Amino acid sequence: MSRRLHTNRSSLAHKLAYAARHPGRVRPYLRRLVRDWRLRRASGGDHVAYYRAVMRDDTARDPKSAVGSATHERWVALGQMQFDYLVRHGLAPGDRMLEIGCGNLRAGRLFIEYLEPGHYHGIDISPEILLAARQTLIRHGLADKLPHLTLVDDLKLAHLPDGHFTVVHAHSVFSHSPVEVIDECLAHVGRVLAPGGYFDFTYNRTLGNEHHVLREDFYYRTETLTALAASHGLVARPMADWEELPHQQSKIRVTHPG
Ligand SMILES: C[S@@+](CC[C@H](N)C(=O)[O-])C[C@H]1O[C@@H](n2cnc3c(N)ncnc32)[C@H](O)[C@@H]1O
């Protein structure tokens, strides 16, 4: 079993060993530490306000790296991986998709191109990344597809209709979310899912203690998330075929029972 899944990245021992292996990353880490401390204080303990400020800062530097891609090539490849996976799982142009934490449409631009006009809804907490998403739409000539992009400050999905979405997708969002945010999403996503629809999300998986690094990166045990889904009357199953792909996060699919 991979040692990575047992690592507690918040422990001092891990941080010291990591610093010894990657001395060049110590200064950027310390910069992030100071930045995050400042932003956390300014947001008064509200995670969404804090992470929105993180995204504002990161997007001002570079929208592609703000969503986790160090290069344009990685941005393209990560979007393609998400798209290909869902197409392999039967995504069809007639599906109605909600993408939670759509970012600057790394995958969203491919979904928008593929789906029928008006069938893609993206939501995000960051105004700056949504402006970058708009630029992606313009760059890729996707105006005729009439995608919906909405700024949100919670995951209650209250502006969206009952039973509408056949596919809900959240890539690399719960990896940045405390459990209260995930719980809120799971409490409401069942309402907007169409009969037979599913909600896929990725998360950082740990086999050891659950932990976070700077409240930016969160690590969960699979059982915690499947139990959370069950507490909202949903069924969650880990997606084994996603583990075969070159990506560090794991994926869970949530459906209505039956
Ligand atoms: C790592 S990026 C991934 C973006 C996109 N899913 C992709 O794969 O390119 C995470 C995105 O989720 C958004 N986000 C984080 N927490 C969120 C929340 N509670 N609700 C909605 N969006 C959120 C961030 O603003 C950011 O755009």
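The structure we're discussing is the one just above.
Residues numbered from 1 in each chain as written. Predicted model: local features only at pLDDT ≥ 70, side-chain atom pairs only at ≥ 80, totals over all residues. Heavy atoms only, no water.

Chemist: How should the site of the ligand be read in this particular structure?
Modeler: If you check the shell around the ligand, you find 19 residues, and the closest are Gln 82, Gly 101, Arg 106, Asp 124 and His 171. Here Asp 124 contributes a side-chain N or O atom positioned 2.6 Å from an oxygen atom of the ligand. Within the backbone of His 171, a nitrogen or oxygen atom sits 2.9 Å from a nitrogen atom of the ligand. Burial of the ligand by the protein chains amounts to 99% of its free accessible area of 590 Å². (Near = heavy atom within 4 Å. Polar contact = N/O pair within 3.5 Å; in protein donor to acceptor, adjacent residues only side chain to side chain. Areas by Shrake-Rupley, 256 points an atom, 1.4 Å probe, with all protein chains shown as cover.)

Chemist: Would you explain helix 3 (residues 47-61) in this entry?
Modeler: For an α-helix, 3.6 residues make a turn, and residues three or four places apart therefore share a direction. For helix 3, spanning 15 residues, the distance from its first C-alpha to its last is 21 Å, which sits close to the expected 21 Å at 1.5 Å a residue. Restricting attention to buried positions, one finds in helix 3 the residues His 47, Val 48, Tyr 50, Tyr 51, Arg 52, Ala 53, Val 54, Met 55, Asp 58 and Thr 59. If you follow the buried residues of helix 3, they end up packed against helix 2 (26-42), helix 4 (63-66), helix 7 (127-139), strand 3 (148-151), helix 8 (179-192) and strand 7 (217-220). For helix 3, the N-terminal capping position is held by Asp 46, with its side-chain oxygen 3.0 Å away from the main-chain nitrogen of Val 48. (Helix = DSSP H or I, 4+ residues; strand = E, 2+ residues; numbered from the N terminus. Expected span 1.5 Å × (residues − 1). Buried < 20%, exposed > 50% of the residue type's maximum accessible area, 1.4 Å probe, protein only. Contact = heavy atoms within 4.5 Å.)

Chemist: What is the right way to read unusual backbone geometry from this model?
Modeler: When glycine is set aside, most residues are seen to have a negative phi, and most peptide bonds are trans. Positive phi, close to 65°, is recorded for Leu 105, a residue that is not glycine. In this fold, Leu 105 is placed in the loop between strand 1 (97-100) and helix 6 (108-114). By relative accessible area, Leu 105 is classed as buried at 0%.

Chemist: Honestly, the pairing of strand 1 in this entry has me stumped. Any pointers?
Modeler: Side chains on a regular strand alternate between the two faces of the sheet. The alternating pattern of strand 1 places Met 97 and Glu 99 and Leu 98 and Ile 100 on opposite faces, both of which are buried. Two strands pair when backbone bridges link them, and strand 1 and strand 2 (residues 120-124) are joined in this way by 4 bridges, in the parallel orientation. Residue pairing across strands places Leu 98 opposite His 121, the latter belonging to strand 2. In this view, the connection linking strand 1 to its parallel neighbour strand 2 by way of helix 6 has right-handed handedness. Summarising the sheet, strand 1 and strand 4 (residues 165-170) pair through 3 bridges and their orientation is parallel. Each residue of the ladder has a partner; that of Glu 99, found in strand 4, is His 169. (Pairing = 2+ DSSP bridges. Right-handed = clockwise from strand over helix to strand, strands pointing away.)

Chemist: So what exactly am I meant to see when it comes to the packing of helix 3 against helix 7 here?
Modeler: Each packed pair of helices is defined by two parameters, the angle between the axes and the distance between the axes. Following both chains from N to C, one finds helix 3 and helix 7 inclined at 45°, their axes separated by 8 Å at the closest point. It follows from the interaxial angle that helix 3 and helix 7 lie oblique. In contact with Arg 52, Met 55, Arg 56 and Thr 59 of helix 3, helix 7 contributes Pro 127, Glu 128 and Ile 129. Looking at the contact of helix 3 with helix 7 residue by residue, the classes come out as 3 nonpolar, 1 polar and 3 charged. (Axes fitted to C-alpha atoms, helices over the stretch in contact; angles between N-to-C directions. Parallel < 35°, antiparallel > 145°, perpendicular 65-115°, else oblique. Nonpolar A, V, L, I, M, F, W, Y, C, P; charged D, E, K, R; others polar.)

Chemist: Got a minute to help me understand the environment of Tyr 29 in this structure?
Modeler: Along the chain, the position of Tyr 29 falls in helix 2. Residues within four places of Tyr 29 in sequence aside, it is in contact with Lys 15 and Leu 214.

Chemist: Explanation requested: the pairing of strand 7 in the structure shown.
Modeler: Where burial is concerned, the two faces of strand 7 agree: the one with Asp 217 and Tyr 219 and the one with Phe 218 and Tyr 220 are both buried. Pairing of strand 5 (residues 193-205) with strand 7, which is carried by 2 bridges, proceeds in the parallel orientation. Residue Arg 205 lies in a different strand from strand 7, and its bridge partner there is Tyr 220. Where strand 6 (residues 211-213) lies against strand 7, 3 bridges are found, and the strand directions are antiparallel. Bridge pairing links His 212 to Phe 218 in strand 7. Between the antiparallel neighbours strand 6 and strand 7 lie 3 residues, among them Leu 214 with a positive phi of about 55°.

Chemist: Looking at this structure, I do not really get the side chain of Thr 59. What am I missing?
Modeler: Turning to its location among the elements, Thr 59 is positioned in helix 3. Apart from residues lying up to four places away in sequence, Thr 59 is in contact with Ala 66, Glu 128 and Ile 129.

Chemist: Just to check I follow, could you spell out the packing of aromatic side chains for this structure?
Modeler: Tallied over the entire structure, the rule returns 8 aromatic pairs. Between the aromatic rings of Phe 199 and Phe 201, the centroid separation amounts to 5.4 Å while the plane-to-plane angle is 45°, which identifies the pairing as tilted. A relative accessible area of 0% means that Phe 201 is categorised as buried. Ring-pair connections join several aromatic residues into one group, and the members of that group are Phe 174, Phe 199, Phe 201 and Tyr 203. Seen from the ring of Tyr 50, Arg 40 lies directly overhead, with NZ or CZ sitting 5.8 Å from the centre. The ring of Trp 242 has Lys 251 lying over it, and the distance from NZ or CZ to the ring centre is 4.2 Å. (Phe/Tyr/Trp six-rings, centres within 6.5 Å; stacked < 30°, edge-to-face > 60°. Lys NZ or Arg CZ within 6 Å of the ring centre and 35° of its normal.)

Chemist: How should a nonpolar patch on the surface be read in this particular structure?
Modeler: Among the surface-exposed residues, Val 26, Leu 30, Leu 33 and Val 34 lie close enough to one another that they form a single nonpolar patch of about 300 Å² accessible area. By relative accessible area, which is 34% here, Leu 33 ends up partly exposed. (Patch = residues over 30% accessible without salt bridge, like charges linked within 9 Å, V, L, I, M, F, W, Y side chains within 5 Å. Salt bridge = Lys/Arg side-chain N within 4 Å of Asp/Glu carboxyl O.)

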